[in-house]
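The residues making up each chain are set out below.
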Amino acid sequence: MGALGALGLGALLALLPPPAPAETYTAMLSVRRALGSEGRLLRRLRAYLREESARLRRLARFYEKVQALHQDPKTSVDNPLLAFSLIKRLHSDWPNVIYSEEATQNTQALHDGFKEVEQNLPGAEDLDGAARALMRLQDVYALSVKGMANGVFQRAGAGWPTLYSPSQPVSLSADDCFHVGKVAYDTGDYYHSIPWLEEAVSLFRLSYGTWNPEDRSSLEDALDHLAFSYFMAGNISHALSLSREFLHYDPSNQRVVRNVAKYKKLLEMGPAVSTGPLRRPNSTHLQSRDTYEELCQRPAGQLILEHLPHLSCSYETNGSPYLLLQPAKKEMVQTQPYVALYHDFISDAEAETIKGLAGPWLQRSVVASGEKQQKAEYRISQSAWLKDTADPVVRALEQRMAAVTGLDLRPPYAEYLQVVNYGLGGHYEPHFDHATVRGLLGWKSPLYRMKSGNRIATLMIYLSEVEAGGSTAFIYANFSVPVVKNAALFWWNLRRNGDGDGDTLHAGCPVLAGDKWVANKWIHEHGQEFRRPCSPDPRD
């Protein structure tokens, strides 16, 4: 559920400073900013290489000069000039070469450049979050780990089409794969650690004996972690084989020597007992995971519907003078639950303005947890709230939303516009937009802080397009809607009798590739009594 208490937050927008750089992986805007930081580092490194190359060329000339003297059989220190130059070289020239101030200055300039951007660089949490994002994409889209390591986004197994073909394929290094596997390993998730560490081992074997400046791990590290992963998975014979390979490279490692002895003893006691295929962890205990992932995997979110006659496309004025000259382009997506898609709801220029206004204020999105709000791994994005006074574009958009929905969007009958930028593999697992608990406990939900009832409807505007993934999946209704740039998706959260509509359980599928931005408008019950009259009929 989205961050709540929006009205109070919106009122503080003018008073709060922009958020400090943090949680890079949770918004693609932050990732793009990180790309800018690396650009500055590249310029510093280029200058360093230029200065160092010039220094090394001078060193090479010094070397060639001295080397020539040593190779000339006629050279003799009997010559007082040669003797003087030898003594001078050893006393001052060689120390200048070895303890070069120029080299120190060049290195210091590189260090200073790094310090300039260091506070804006991703942290350890970002690196781990990025690794979890790759595993999320692997799971939801059933991707092959070997394919991902080679820059190919294709489902595991033969015959599946490529889900995404980047214009510039990028492969992962052995060290990259090792880190993803280790993130899983450190949490006891051997289902994910094994394939990623397997790929790391394969790549390290190919490059063994060569040194890469960016590598922080080694073949021995990968073998060690992979062996233990297989042991914990019940495959003792393979753990033994990998440990023996480790000792081939590092025979003095006593810990691994003891592991080999332990594995041998276990195998001698009887046949290796495997637990069978490892079960994928379900850290968020998502009961509808299989349906959710199947919907996300559908090409372009399409579904063959059984009741096509009920669906239609039309130009709508909704009885509003605002829409007479330019009616809304309405596509009925589903009748139960009621879901409509309004095409060309916002222009490119308006979308860019909204994103530009929200960008400096993005903060990690939170979810409702009882009476509180907290960050959660099942929602990876950043969001900001915009009042209609923030810009004329926002005010015009509010009027358009009111005209299309026919609802009262004035505070406190609706929350401020929430702008969301999804992160690396950004998603929002199945959830309801409305409060699902009624009675005394329900009234403690942050949703009711506005004292205007539950969320009766949602209008979500797609502010950008994505290259792959990112569909909105309605789990129980068994359909999904792909991202359609500048379109707005509308649905009723509550039935006319005030009960929540269970069929509106929905999710934001992980973004496989692209930069997904949406703007959410949550409309509440109060103020809509004569615009959407209630009904005692449970079927309404």
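Criteria and thresholds
Residues numbered from 1 in each chain as written. Predicted model: local features only at pLDDT ≥ 70, side-chain atom pairs only at ≥ 80, totals over all residues. Heavy atoms only, no water. Pairing = 2+ DSSP bridges. Helix = DSSP H or I, 4+ residues; strand = E, 2+ residues; numbered from the N terminus. Core = buried A, V, L, I, M, F, W, Y, C linked by side-chain atoms within 4.5 Å. Buried < 20%, exposed > 50% of the residue type's maximum accessible area, 1.4 Å probe, protein only. Contact = heavy atoms within 4.5 Å. Phe/Tyr/Trp six-rings, centres within 6.5 Å; stacked < 30°, edge-to-face > 60°.

Colleague: With reference to specific residues and values, describe the sheet that holds strand S6 (residues 363-364).
Modeller: Ordered by their spatial adjacency, nine strands build an open sheet running S3-S4-S5-S16-S12-S19-S10-S9-S6, and the pairing between neighbours is antiparallel. The outermost strands of the open sheet, each flanked by one partner alone, are strand S3 (313-316) and S6. By the bridge criterion, four bridges tie strand S10 (residues 417-422) to strand S19 (residues 517-524) in an arrangement that is antiparallel. Residue pairing in the sheet places Asn421 in a bridge with Trp517 of S19.

Colleague: Quick rundown of the nonpolar core? Include the residues and the values.
Modeller: Membership of the largest hydrophobic core comes to 53 residues, with the highest contact counts inside it found for Tyr141 and Leu512. Ranked by residue count, the leading element in this core is helix H9 (residues 219-232), at seven residues. Tyr141 has contacts with Arg155, Leu163, Cys296, Gln297, Gly469, Gly470, Cys509, Pro510 and Leu512, leaving out every residue within four places of it along the chain. Formed by 38 residues, the second largest nonpolar core is a distinct cluster that contains Phe345, Leu386, Phe490 and Trp492.

Colleague: So what about the packing of aromatic side chains? Which residues, and what values?
Modeller: A complete count under the given rule lists 13 aromatic pairs for this structure. Where Phe62 meets Trp94, the ring centres are 5.3 Å apart and the plane angle is 75 degrees; that geometry is what we call edge-to-face. A residue pair is termed long-range when its members are at least 10 positions apart, and Phe62 in helix H2 (residues 28-71) and Trp94 in helix H3 (residues 80-98) qualify at 32 residues. Exposure remark for Phe62: the relative accessible area of 17% places this residue in the buried category. Accessibility expressed as a relative area gives 35% for Trp94, which makes it partly exposed.

Colleague: Could you give an account of the pairing of strand S16 (residues 488-492), naming the residues involved and the relevant values?
Modeller: Burial analysis of S16 places five of its five residues in the buried class, the great majority of the element. Covered by surrounding structure in S16 are Ala488, Phe490 and Trp492 together with Leu489 and Trp491, the residues of both alternating faces. One ladder, built from four bridges, connects strand S5 (residues 339-343) with S16; its direction is antiparallel. From the neighbouring strand, Leu341 faces S16, where its bridge partner is Leu489.

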